[in-house]
Structure formats: structure tokens, C-alpha cells
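Architecture and fold: a report
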Amino acid sequence: MEEVAPFFEGKPILITGGLGFIGSSLARRLVAAGAKVTLADSLIPQYGGNLFNIHDIRDKVAVSITDVRDPHAMAHLIQGQDILFNLAGQTSHIDSMRDPRTDLEINAAAQLSILESCRRHNTGLKIVFASTRQLYGKPQYLPVDEKHPICPMDVNGINKLAGEWYHLLYNNVYGIRACALRLTNTYGPGMRVKDARQTFLGIWIRRLLEGKPVQVFGDGSQLRDFNYVDDAVEALLWCAADSRVDGQVFNLGSSEHISLLELARLLVQLHGKGTYELVPFPEDRKAIDIGDYYSDYSRLKNTLGWEPKVPLREGLLKTLEYYSCHHAHYWKSEPEGSCA
Ligand SMILES: NC(=O)c1ccc[n+]([C@@H]2O[C@H](COP(=O)([O-])OP(=O)(O)OC[C@H]3O[C@@H](n4cnc5c(N)ncnc54)[C@H](O)[C@@H]3O)[C@@H](O)[C@H]2O)c1
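The model shown is predicted, which means the values in this text are computed figures rather than measured ones.

Take the sheet that holds strand β9 (residues 223-228) next. As summarised here, the arrangement of the three strands in space is β7-β9-β11, forming an open sheet in which the pairing is mixed. Each edge of the sheet is formed by a strand with only one pairing partner; in this case those strands are β7 (185-187) and β11 (257-259). With direction set aside, neighbouring strand axes in the sheet form an average angle of 50°. Of the strand pairs in this sheet, β7 and β9 are connected by three bridges, and their pairing is parallel. Note that in β9 the partner of tyrosine 187 across the bridge is tyrosine 228. Sitting on the sheet, helix α9 (residues 260-271) is in contact with β9 and β11, with an inclination near 90° to β11.

This is the structure:
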């Protein structure tokens, strides 16, 4: 980040989903780099937006409580921006199955209308889109690289794929510079922990801090990789600052792979107390589970030199520490301990 920070100094930058987990961490880094940051977020309660995520930079950013499905508001907001970090999204896989149309409207239709606004009002801006590894579906080989077949297992994966390809299309046809990062499980301070909507890890952390057993579905043998939020933010920043990524998709990921059972054990160990239990896979989750997954992120490594830096253990400790202190801003009940 040291070398990329000067690129952002004084630049007008819009982050959709800016009150969410990754968007707010990104905003913090951009503020530190001297950028003029605007955050657009709907703050719909079921999603990850939370004003506390920006409590320390509240007076240094402009906040617009806007829904990306509102084309007029978005047309206004994108004018005059140099960079758009397009992170707003419906992130729950289960919600996308229960309410597919809302997922379609936010993750696909709204993305198209944002791009149309750019085509009409600001063809000069650069867009970095937050896509997802979910669109690969059940891996046919590991690690999953960008050439892996696309076979989404849920509605969310299909709509995120459409959102991603709209960005590439507008790059290729209209010259609106855009790239997409296919994020893997990202975690850290500011993630949604109230429920399992954003990631299972969120609810695990909440349950651990509440003194309840962490619930591992099935036998917990599924492998995953994780990125600490600072590493994901760094990738977003590097991609915004470099034209070599334009028109391309890149996996994020980690070379640390861990089974869910091992992860539950590690969390309990790092917390110093607590338990985990194996519970039967709920049918609706089992039907869309992707099995083992971890990424090959060598395309981004070879293009920009990006690699994750924060070991899982260190990132989990920071995350546990954050929620031990700030749980009251993320859920209502009392945790077992409190911060010093
Ligand atoms: N966190 C992960 O593990 C992960 C993995 C893969 C992809 N992603 C992608 O990264 C992006 C950011 O994810 P996150 O983890 O920060 O989630 P998040 O839920 O914390 O952030 C998304 C933000 O988008 C906002 N939003 C949702 N619908 C909106 C709408 N209609 N209009 C305006 N704002 C709206 C939410 O309020 C929220 O603040 C998402 O697009 C997600 O699909 C995240």
C-alpha cells in the first residue's frame, strides 16, 4: 500500500456498499491516502451495512444513503468520480434462493444500470468490481484458477456472474476501464456477525463470544481459504491504480487451506475457551454447498505481485479482539467476556 497510496491522493472516489464490511475498510485506507471518498449504501437491515464500521472516519467521508437500484441517484453520484469501487451487493446465498428476484435486481440489474450511468455521464472513470468465487460452483479441480469452468450452485452466483460480465463488456465495448476480483471468504473487523448471512465465520464468532458452541455443518471436512480484509483491500487498491488489469478477472485467495473443523478448533483455541459441535447439514444449505474450495491466485500475483500477507491465525485473533470490544454495535445480547 505504501507505494500505491500516492496514486489516490486528492482523487474523488465512490464506493458502493461503502458502509459494509469490505467497503468501510477500503474507505479507511483511502482516507489515509488523502482521497476524497464518497460512500453509497442503502443500509437495508438484512445486509452488512453498519454506520459503526466508519465511526473513526465519519467526518472524513461523504455518506449517501442510496440504493444502487435507483438509477437517478447513481447517475448523480458517479459524476465527477475518478474511481468507482463497486462493492454493493446482496451477499447471502440462502437469501438468493428464497428471494431470487431481489438478488437479481441488486447483483445484476442494478450493476447494468450503474454501467449505463457511467456510459452516459462518466466514461473516464475506472471501476473495480467485487465479484465472488461462488460463480465457479463445485470445484472440478483444486486450486481453482480463472480458467476453471463456471457452474454456479445458487442464484447469487449466477447474478454476480452477470454483474461481473457486464463490467467486462462495458470495458471492451465502451472503453470504460473495469476489472473484477473474484473474492474468496473474506473476514475481519466489520464483517457481519449478527447472523450467517454474510459468512458462516461471522455467526461462529458471535456464538463463541456468547459462550455458545460453534456449529459445524456435516463432518466439517470441507476445505476453504480465507483472506483477511486488509489483504482484499490491498488487491482492490492495486487494481484501481494499474491499467494492466483492465478488462480482466482475477481470483483472490490464500495458500493456507483449512477444513471447517480445523477452523472451528483454531477459533476456540485462539479465544482460549468455548466449544464446537458437529450438526447435520441443513437441507437448504447442503443443496447449494460447493464442497472443497481454494483458489489459485497466481494470475494476480504474476500481474501485480499481489499476495495475501496476514496469516489466518493473526487475522482471526484481530477479528476476535475487535468483536470482544465492539459487539454491542453488531448484535444485542451480552458476550461472555468484555474488553479491557
Ligand atoms: N465478504 C466476503 O467473503 C465476500 C466474498 C465474495 C464476494 N464478496 C463481495 O464483496 C462485496 C462486499 O461484500 P462485503 O463482505 O463487504 O458485504 P457487506 O454486506 O458487508 O457489504 C455490502 C454492502 O452493500 C450494501 N448494499 C446491499 N444492497 C444494496 C443496495 N441495493 N444499494 C446500496 N447498497 C447496498 C449493504 O448495505 C452493505 O453495506 C459484495 O459485492 C460481495 O458480493 C464478498
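Still more to cover.
It is worth spelling out the nonpolar core at this point. Grouped burial of nonpolar side chains is what soluble globular proteins tend to show. Phe8, Leu30, Phe85, Leu181, Leu201 and Trp204 are the most contacted members of the largest nonpolar core, which has 73 residues in total. Top contributing element to this core by residue count: helix α8 (residues 229-241), with nine residues. Each residue touching leucine 30, except ones within four places of it in the same chain, is listed here: Phe8, Ile13, Ile15, Ala35, Val37, Phe85 and Leu237. Ranked by size, the runner-up nonpolar core spans 20 residues in total, among them Leu14, Leu77, Ala88 and Ala110.

The next point concerns the state of the cysteines. Note on terminology: disulfide describes a covalent bond linking the sulfur atoms of two cysteines. Within this structure, the stated rule accounts for zero disulfides. Not engaged in a disulfide, the cysteine cysteine 118 finds its nearest cysteine sulfur in cysteine 179; these two sulfurs lie 14 Å apart. Overall, cysteine 118 belongs to the buried group, its relative accessible area being 0%.

Let us look at the layout of surface pockets. For the second largest pocket, the calculated volume is near 250 Å³. For the second largest pocket, the lining is made up of 15 residues, of which Ser25, Arg28, Asp56, Pro189 and Tyr322 are closest to its centre. Among the elements of the structure, α2 (21-32), α8 and α12 (312-326) are those that each provide at least two residues to the lining of the second largest pocket. Sorting elements by how many residues they give to the lining of the second largest pocket places α2 first, with four residues. The residue makeup of the lining of the second largest pocket, split by class, is five nonpolar, six polar and four charged.

So, on to the packing of aromatic side chains. Tallied over the full model, the rule gives 13 aromatic pairs. Seen in terms of ring centroids, tyrosine 187 and tyrosine 228 are 5.5 Å apart; in terms of plane orientation they differ by 65°. Their pairing is edge-to-face. Residue tyrosine 187 is located in strand β7, and its partner tyrosine 228 is located in strand β9; the two are separated by 41 residues in the primary sequence. The buried category is assigned to tyrosine 187, whose relative accessible area is 1%. Each member of the aromatic cluster is reached from another via a ring pair, and the members are Tyr187, Phe200, Trp204, Phe226 and Tyr228. Above the face of the tyrosine 174 ring, arginine 119 is positioned so that its terminal group lies 5.1 Å from the ring centre. We note arginine 133 situated over the ring of tyrosine 293; from NZ or CZ to the ring centre the distance is 5.2 Å.

Attention now goes to the sheet that holds strand β2 (residues 36-41). Sheet architecture is open: seven strands sit in the order β3-β2-β1-β4-β5-β6-β10, paired in parallel fashion. The open sheet has two edge strands, β3 (62-65) and β10 (249-251), and neither has a second partner. Recorded for the sheet is a direction-independent mean angle of 20° between the axes of neighbouring strands. Across the sheet, helix α3 (residues 71-78) lies against β1 (12-16), β2 and β3, angled at about 150° from β1, the strand it touches most. The strands that helix α6 (residues 155-174) touches are β4 (83-86), β5 (126-132), β6 (178-183) and β10; relative to β5, the one it contacts most, it runs at about 155°.

In this section: the pairing of β4. Of the two faces of β4, the one lined by Ile83 and Phe85 and the one lined by Leu84 and Asn86 are each fully buried. One ladder, built from four bridges, connects β1 with β4; its direction is parallel. What sits directly across from leucine 14, in β4, is leucine 84. Note that β4 and β5 share four bridges and pair parallel. Looking across to β5, one finds that leucine 84 is bridged to isoleucine 127.

As for its position among the elements, aspartate 103 is in helix α5 (residues 100-121). Counting along the chain gives 13 residues from aspartate 103 to glutamine 90, while the straight-line C-alpha distance between them is 6.0 Å. The residues touching aspartate 103, leaving out its near neighbours within four places in the chain, are Gln90, Ser96, Ala108, Val155, Asn156 and Asn159.

Helix length check: α2, at 12 residues, gives a terminal C-alpha distance of 17 Å against a target of 16 Å (1.5 Å per residue), a fit within 8%. When you tally the buried positions in α2, you get 10 out of 12 residues, the bulk of the element. Taken as a whole, α2 has its buried residues at Phe21, Ile22, Gly23, Ser24, Ser25, Leu26, Ala27, Arg29, Leu30 and Val31. Directly after α2, the chain includes glycine 34, whose backbone phi takes a positive value near 85°.

Another point: α8. Each α-helix turn comprises 3.6 residues. Residues three or four places apart therefore point the same way. Taking 1.5 Å of rise per residue, the 13 residues of α8 would be expected to cover 18 Å, and the 19 Å separating its terminal C-alpha atoms lies within 8% of that figure. Of all the 13 residues making up α8, 11 are buried; the element is thus mostly covered by neighbouring parts of the structure. Turning to α8, its buried residues are Val229, Asp231, Ala232, Val233, Glu234, Ala235, Leu236, Leu237, Trp238, Cys239 and Ala240.

Conventions we followed
- Residues numbered from 1 in each chain as written.
- Predicted model: local features only at pLDDT ≥ 70, side-chain atom pairs only at ≥ 80, totals over all residues.
- Heavy atoms only, no water.
- Pairing = 2+ DSSP bridges.
- Helix = DSSP H or I, 4+ residues; strand = E, 2+ residues; numbered from the N terminus.
- Axes fitted to C-alpha atoms, helices over the stretch in contact; angles between N-to-C directions.
- Contact = heavy atoms within 4.5 Å.
- Core = buried A, V, L, I, M, F, W, Y, C linked by side-chain atoms within 4.5 Å.
- Buried < 20%, exposed > 50% of the residue type's maximum accessible area, 1.4 Å probe, protein only.
- Disulfide = S-S within 2.5 Å.
- 1 Å grid on protein atoms, 1.4 Å probe; cavity = no way out; pocket = protein on both sides within 12 Å on 5 of 7 lines; lining within 4 Å.
- Points joined across faces, edges and corners; volume = space filled by probe spheres on them.
- Nonpolar A, V, L, I, M, F, W, Y, C, P; charged D, E, K, R; others polar.
- Phe/Tyr/Trp six-rings, centres within 6.5 Å; stacked < 30°, edge-to-face > 60°.
- Lys NZ or Arg CZ within 6 Å of the ring centre and 35° of its normal.
- Expected span 1.5 Å × (residues − 1).

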